[in-house]
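As a plain string of letters, each chain reads:
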There are 2 protein chains.
Amino acid sequence: MNIHLTLPSEMRIRDEHKEEAIREKAYEIIVKKGFEGLSMQKLAKAAGVSPATIYIYYKNREDLLHSLFNHAQKEFAFFALRNFDPSVSLEEGLWLQWKNRLAFISDNPIIYQFFELFRNSPLINHKNVSMKEFKENMVLFVKNAIQRGELARMEPEIFWSIAYGSFYSLVKFHLQEKKMMTENFKITDAKMKQTLHMVVKALKP
Amino acid sequence: MNIHLTLPSEMRIRDEHKEEAIREKAYEIIVKKGFEGLSMQKLAKAAGVSPATIYIYYKNREDLLHSLFNHAQKEFAFFALRNFDPSVSLEEGLWLQWKNRLAFISDNPIIYQFFELFRNSPLINHKNVSMKEFKENMVLFVKNAIQRGELARMEPEIFWSIAYGSFYSLVKFHLQEKKMMTENFKITDAKMKQTLHMVVKALKP
DNA sequence: TTTATAAGTGAATGAACATTCATTTAACTT
DNA sequence: AAGTTAAATGAATGTTCATTCACTTATAAA
């Protein structure tokens, strides 16, 4: 990505607007109609480019789908740790992450829904981006919380299921209602905080 | 369904094996390749019938997909409440349901994975089966637990997210590992019980 | 201004698609 | 045994699909 910015080149530069239009329209179509609903010709039409243009940016349809996911995952994981400091208390750290995630979802509902759709699809089996920095931060955060006596020792998947599984479940609830009612997506801070309190209680030693 | 069993008829009876073969192969193909991967001709070949035969059992592809989901949802919800008594304690009731769900998932991993795939897809927006009996049982169960002081008052989606969201999250973890490692699906009772204990603690007033 | 290079294109291609249809087959009634 | 009904079929239909290709256009170096 962005080769034309980092390398001097003799070529005609790529039009970033085109690339973004393709990506955003692809997210939209997939969220609305599923992967089945995305054909290269429909996508090209929606993005205002020629079908052949898509093949300049992506090797083929499969590459397009995986690139879309990597893009979404990177953005989401990056946003989740915005302003995150692994040395704060468990409750404070989780609260920040929940708020960050919710903010991203509210601002980018289409991208998030695509992310969830892909995560739950058979396409996910392929190798994906590493999330190294994200994992390192989380390991540190958990270790600190255990040492401080805020968190019981447990297997990582149990921690994840309690600390985040309930959050995602709550979000799913609201996204489905939104889809059905065509209302705005909105979880109140109070509802989130109430749920988080329960989660923190569960995680105590 | 099963019209030939409940009504006397003058017609040639439907071959139940064919219907089941179509359904089971459809689940398999969709779980392995996604909805994109299911074409009527491939399904027919896999089930050992003619493409036209599928249209005897289902109006069209869309009807097939929704019927598959209704079938899976009914089986799963029925199994979840097997031996369930809404008057038992919160922990006992949740434990039974978790065990039931896990047993179903272990015995029918393909059906369950299809169920999750469909639930997370745009196809879910259409009207689906009512689950009336299931909901009635749950309302009673929750009411009892609150009266007994085992459960704090909270909005239903919060209860659901804590009491089941973490369970599903745990299952997802293991199913993904299984897919990647081609191992057998296995969550130990101890791991489940540990998680349930934490959940029950969270739900206390 | 010329030249090189890659961005961008519309039309074309063969494969795969959902669905239909004329026909055959099996079961039950009389 | 004859008649009726619907199950079951393989081949056919018209459409949509992913991808390619010969070509044009825009950019920057020379």
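In this text, all values refer to a predicted model and were calculated from it rather than measured experimentally.

**Student:** Provide a residue-level description of the nonpolar core, including the pertinent values.
**Tutor:** The nonpolar side chains of soluble globular proteins are, as a tendency, buried together. The biggest cluster of nonpolar side chains holds 135 residues, and the ones touching the most others in it are Phe114 and Leu203 of chain A together with Phe114 and Leu203 of chain B. Beyond its immediate chain neighbours, meaning those up to four positions away, Phe114 of chain B contacts Tyr27, Ile30, Val31, Phe35, Leu65, Leu68, Phe69 and Ala72 of chain B.

**Student:** With reference to specific residues and values, describe a negative patch on the surface.
**Tutor:** Residue and element names in this part refer to chain A. Side chains of Glu16, Glu20, Glu24 and Glu75 sit close together on the surface and give a patch of like negative charge. Considering each element in turn, the negative patch owes the most residues, three residues, to helix α2 (residues 16-33). Note on placement: Glu75 falls in helix α5 (residues 61-80). Assessed through its relative accessible area of 32%, Glu75 is described here as partly exposed.

**Student:** Could you give an account of the environment of Arg153 of chain B, with specific residues and numbers?
**Tutor:** Relative to the helices and strands, Arg153 of chain B resides in the loop between α8 (132-147) and α9 (156-181). As a C-alpha pair, Arg153 of chain B and Lys143 of chain B span 10 residues in sequence and 9.4 Å in three-dimensional space. Aside from chain neighbours lying at most four places away, what touches Arg153 of chain B is Gln194 of chain A together with Ile146 of chain B.

**Student:** Pulling in residues and values, what's your account of the interface of chain B and chain A?
**Tutor:** Contacts between the two partners involve 42 residues from chain B, matched on the other side by 42 residues from chain A. Summing the contributions of chain B and of chain A, the shared interface buries around 3,500 Å²; its carbon and sulfur component is 58%. Where chain B meets chain A, there are six salt bridges. With a shortest N-O distance of 2.6 Å, Lys191 of chain B and Glu157 of chain A are connected by a salt bridge. Across the chain B-chain A interface, the total number found is 14 residue pairs in polar contact (both at pLDDT 80 or more). Broken down by secondary-structure element, the contributors of at least two residues to the side of chain B that touches chain A are α2 (16-33), α5 (61-80), α7 (109-119), α9 and α10 (189-203) of chain B. Per-element tally for the side of chain B that touches chain A: the top contributor is α9 of chain B, with 13 residues.

**Student:** Which residues make up the packing of aromatic side chains, and what values do they have?
**Tutor:** In the structure shown here, the tally under the stated rule is 34 aromatic pairs over all chains. Between Phe159 of chain A and Tyr164 of chain A, the ring centres sit 6.3 Å apart and the planes meet at 85°, which makes this aromatic pair edge-to-face. Of the two residues, Phe159 of chain A and Tyr164 of chain A, both sit in the buried class. Between Phe35 of chain B and Phe114 of chain B the ring centres are 6.3 Å apart and the planes differ by 75°, which places this aromatic pair in the edge-to-face class. Of this pair, Phe35 of chain B sits in the loop between α2 and α3 (40-47) while Phe114 of chain B sits in helix α7, and the two are 79 residues apart along the sequence.

Reading guide: rules and limits
Residues numbered from 1 in each chain as written. Chains lettered and ligands numbered in written order. Predicted model: local features only at pLDDT ≥ 70, side-chain atom pairs only at ≥ 80, totals over all residues. Heavy atoms only, no water. Core = buried A, V, L, I, M, F, W, Y, C linked by side-chain atoms within 4.5 Å. Buried < 20%, exposed > 50% of the residue type's maximum accessible area, 1.4 Å probe, protein only. Contact = heavy atoms within 4.5 Å. Patch = residues over 30% accessible without salt bridge, like charges linked within 9 Å, V, L, I, M, F, W, Y side chains within 5 Å. Areas by Shrake-Rupley, 256 points an atom, 1.4 Å probe, with all protein chains shown as cover. Salt bridge = Lys/Arg side-chain N within 4 Å of Asp/Glu carboxyl O. Lys, Arg positive; Asp, Glu negative; His and termini not counted. Charge placed at Lys NZ, Arg CZ, Asp CG, Glu CD. Helix = DSSP H or I, 4+ residues; strand = E, 2+ residues; numbered from the N terminus. Buried area = accessible area lost by both parts, 1.4 Å probe. Polar contact = N/O pair within 3.5 Å; in protein donor to acceptor, adjacent residues only side chain to side chain. Phe/Tyr/Trp six-rings, centres within 6.5 Å; stacked < 30°, edge-to-face > 60°.

No statement about biological role is implied by the geometric values presented.
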